[in-house]
Amino acid sequence: MQHSAVLNVMIKAAYRAGRGLKRDLGEIEKLQVSVKGPGNFVTAADRRAEEILREDLAKARPDYGFLGEEGGLHRGSDKTHRWIVDPLDGTTNFLHGIPHFAVSIALEREGVIVAGLTYNPANDELFVAERGKGAFLDNQRIRVAARRRLGEAIVGCGLPHYGRGDLALARFEIAAAQQNFAGLRRYGSASLDLAWVAAGRLDAYWERDLSPWDMAAGVLLVREAGGFVSDLDGGDAILAKGHVAAGNETMHRELLRLLSEARKAAAAAPA
Ligand code: IPD
Ligand code: CA
Ligand code: CA
């Protein structure tokens, strides 16, 4: 598979940042048992990874803007291009030594995501997509799963957690999903959840309260793998609204329907 020059730049940057994170994961396993714990070390690892990405991407495309989770927005002189970067998606997993986290990079051109990658350094899996060129896992073409029966589907989700999200609403949504799908999974890295939908590992996925860098690459991966992805109202304002649903055509439609019913039930329930 022949990648464009810009995707090769992204891949090289992700590999370099990923190498650092993988080394750091080894260190965390040691810090886990120390009294201080690995908290500060993880913050530093996260920042270091973003610096590497910024440096490598800026070297290749000095004029592009850069939106990173850690450093925020840096406007470029080229107003039509912007990188959207999560240097470490799945920080809580990383902090606990769980090898499920990713470096995720998207390139936006005039408001449209044209290239995206999500890389898990722990198992060296690289998911890439370019607009109109398909989605790939380690150079093999990937497609969303073909399953149509909800009762056979494995569905990824996010969960509100300590200090974040609408717990009452989530209870209705989770209950609706539990009653209809074969199984729910909460893996803790939104960019990998979307990549796994693209690769057909998850039949569908939804989550709320996300940021653009969690989803930008994954949205393109799912579409290029033949899947459907939208915000939870069925529209295209995924990055702006911060919520997402993805799957093949049937799974995506049915998931939106179930979640919308759950929302109505939650609104009608006594407080
Ligand atoms: C988080 C992960 C997680 C999702 C959170 C995100 P971070 O990103 O994607 O799966 O549930 O909402 O914030 O903080 O690890 O970069
Ligand atoms: Ca993230
Ligand atoms: Ca992050």
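Residues numbered from 1 in each chain as written. Chains lettered and ligands numbered in written order. Predicted model: local features only at pLDDT ≥ 70, side-chain atom pairs only at ≥ 80, totals over all residues. Heavy atoms only, no water.

1. Details of the sheet that holds strand β10 (residues 183–185)
Two pairing modes exist for strands in a sheet, parallel and antiparallel, and in both the strands are linked by backbone hydrogen bonds.
Then step 1. Judged by pairing direction, the sheet is mixed, and its 5 strands sit side by side in the order β10-β9-β11-β13-β12 without closing on themselves. The open sheet has two edge strands with one neighbour each: β10 and β12 (228–230). Going from strand to strand, the sheet's axes swing by 15° on average, the running direction of each strand aside.
Then step 2. Sheet strands touched by helix α8 (residues 249–268): β11 (204–207), β12 and β13 (244–247). Its angle to β13, the strand with the most contacts, is close to 145°. (Pairing = 2+ DSSP bridges. Helix = DSSP H or I, 4+ residues; strand = E, 2+ residues; numbered from the N terminus. Axes fitted to C-alpha atoms, helices over the stretch in contact; angles between N-to-C directions. Contact = heavy atoms within 4.5 Å.)

2. Some thoughts on the packing of aromatic side chains
Then step 1. Applying the stated criterion across every chain, the model contains 4 aromatic pairs.
Then step 2. Ring centres of Tyr64 and Trp83 lie 5.5 Å apart, and the angle between their planes is 45°; on these two criteria the pair is classed as tilted. With Tyr64 in strand β1 (residues 64–68) and Trp83 in strand β3 (residues 78–89), this residue pair connects regions lying 19 residues apart in the sequence. Like Trp83, Tyr64 is buried.
Then step 3. Between Arg48 and the ring centre of Phe41, over which it is positioned, the NZ or CZ distance is 6.0 Å.
Then step 4. We note Arg201 situated over the ring of Trp196; from NZ or CZ to the ring centre the distance is 5.1 Å. (Phe/Tyr/Trp six-rings, centres within 6.5 Å; stacked < 30°, edge-to-face > 60°. Buried < 20%, exposed > 50% of the residue type's maximum accessible area, 1.4 Å probe, protein only. Lys NZ or Arg CZ within 6 Å of the ring centre and 35° of its normal.)

3. A short note on the coordination of the calcium ion (ligand 3)
Then step 1. Distances from the calcium ion (ligand 3) to its protein donors, namely Glu69 (OE), Asp86 (OD) and Leu88 (O), fall within the range 2.1 to 2.4 Å.
Then step 2. Each donor residue of the calcium ion (ligand 3) belongs to the same chain, and together they define the spacing E-x16-D-x1-L.
Then step 3. Between the calcium ion (ligand 3) and the calcium ion (ligand 2), a spacing of 3.7 Å is present, and a bridge between the two is formed by Asp86. On the criterion of sequence distance, the pair formed by Glu69 in the loop between β1 and β2 (72–74) and Leu88 in strand β3 is long-range, its members being 19 residues apart. (Donors = N, O, S within 2.8 Å, 3.2 Å for Na, K, Ca; no water.)

4. Structural notes on the domain arrangement of the chain
Many structure descriptions define interface size as the accessible area lost when the parts assemble.
Then step 1. When the domains of the chain are assigned, the result is domain 1 (5–141) and domain 2 (150–268).
Then step 2. Across the contact, 34 residues belong to domain 1 and 20 residues belong to domain 2.
Then step 3. With both chains or domains summed, domain 1 and domain 2 bury close to 2,000 Å², and 66% of this area falls on carbon and sulfur atoms.
Then step 4. A per-residue breakdown of the area domain 1 buries against domain 2 is headed by Asp89, His100 and Phe127, which together make up 28% of the total. (Domains from an automatic or database assignment. Buried area = accessible area lost by both parts, 1.4 Å probe.)

5. Let's talk about the pairing of β1
Then step 1. Counting buried residues in β1 gives 5 out of 5 residues, a clear majority hidden from the surface.
Then step 2. Both faces of β1 are covered, namely the face carrying Tyr64, Phe66 and Gly68 and the face carrying Gly65 and Leu67.
Then step 3. Across 5 bridges, β1 lies against β3 in parallel orientation. By the bridge assignment, Tyr64 is partnered in β3 with Asp78.
Then step 4. Pairing analysis gives 3 bridges linking β1 to β2, with the strands arranged antiparallel. Looking at the pairing, Phe66 lines up with His74 of β2.
Then step 5. Adjacent in sequence and paired antiparallel, β1 and β2 are bridged by 3 residues.

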